[in-house]
Amino acid sequence: MHVGAGVWFLFACSVLPVDSGGSEAVLDLPGHSECLPAGEEMTAEVCVAVVEEAGRYPTVSEDKSGLDTPPDDPRADDPELAWLTSEVNRCACRCCHTASWGGAGVYFWDLEFRPVWTDSASLWSLGVFAGLTEETEQTLPTEDIERVRAWLERERERRGGEEEYE
Ligand code: HEC
């Protein structure tokens, strides 16, 4: 598949490449908040095209947790984090928030930040993520937002969070 050439077609629910009938295949790009069914992942191919179409400069992530995190932090193995990560990975969010794909959103949170990617997000950004602010477009499109909020509440306490959302 040749990414970066031809026409982009946007279909609401499909991110599968379609055959344009000619020598150049066309890649459907997901919208900002589109997701695949649970258990699937946005592919690198789709994501690189999403980032390219957004056309913004890549950014870099940094630790915004304000805490010293050991490299073997047990939070990295938390099943709730694994669930959260899989919910992100099935959505277009993954595309602009993965450092190696060059997206502009990485400075705000980066799925490749280690040992625990959520440390690259401020408490404010995590609140946006969990739908606790009015920035609803940047809320994770999950069917279980309460589960995200329960995870966030623990993280907020861990950071000694003063953050209040509105
Ligand atoms: C096309 C690229 C792109 C996609 C797709 C994308 N983001 Fe982002 N995101 C950004 C950029 C760039 C920023 C930095 C702030 C800005 O420019 O809006 C950002 C910032 C954020 C923030 C921080 C907001 C704050 O005020 O601290 C959150 C939370 C967020 N995105 C969540 C999401 C979620 C959830 C999805 C999927 C539904 C998503 N993003 C999809 C590019 C993207």
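For the structure itself, look to the data block above.
In short, a report on the structure. For clarity, every value in this text was computed on a predicted model and none was experimentally measured.

**Concerning the overall build of the chain**
Point 1. Helix and strand counts for the chain stand at five helices and zero strands.
Point 2. For the chain, the α and β elements follow one another from N to C terminus as α-α-α-α-α.
Point 3. Looking at the chain as a whole, 31% of its 166 residues qualify as buried.
Point 4. In the chain, of all internal contacts separated by at least 6 residues, the share reaching a separation of at least 24 is 57%.

**As for the site of the ligand**
Point 1. Residues in contact with the ligand amount to 24 residues; listed here are only the nearest, Cys93, Cys96, Ala104, Gly105 and Ser125.
Point 2. Of all elements in the fold, only α1 (44-54), α3 (93-96) and α4 (123-129) reach the threshold of two or more residues within the shell around the ligand.
Point 3. Looking at the shell around the ligand element by element, the count peaks at four residues for α4.
Point 4. Looking at side-chain class alone, the shell around the ligand contains 14 nonpolar, eight polar and two charged residues.

**Quick notes on the nonpolar core**
Point 1. If you look at the biggest cluster of nonpolar residues, it comprises 32 residues, and the most contacted ones within it are Met42, Val46, Cys47, Val50 and Cys95.
Point 2. Of all elements in the fold, only α1, α2 (79-89), α3, α4 and α5 (145-158) reach the threshold of two or more residues within this core.
Point 3. The dominant element in this core, judged by the number of residues it contributes, is α1, at five residues.
Point 4. Setting aside anything within four residues of it in sequence, one finds Val50 in contact with Leu29, Pro30, Ala92, Cys95 and Cys96.

Criteria and thresholds
- Residues numbered from 1 in each chain as written.
- Predicted model: local features only at pLDDT ≥ 70, side-chain atom pairs only at ≥ 80, totals over all residues.
- Helix = DSSP H or I, 4+ residues; strand = E, 2+ residues; numbered from the N terminus.
- Buried ≥ 20, exposed ≤ 12 C-beta atoms within 10 Å, placed from the backbone.
- Contact = placed C-beta atoms within 7 Å.
- Near = placed C-beta within 6 Å.
- Nonpolar A, V, L, I, M, F, W, Y, C, P; charged D, E, K, R; others polar.
- Core = buried A, V, L, I, M, F, W, Y, C linked by C-beta atoms within 7 Å.

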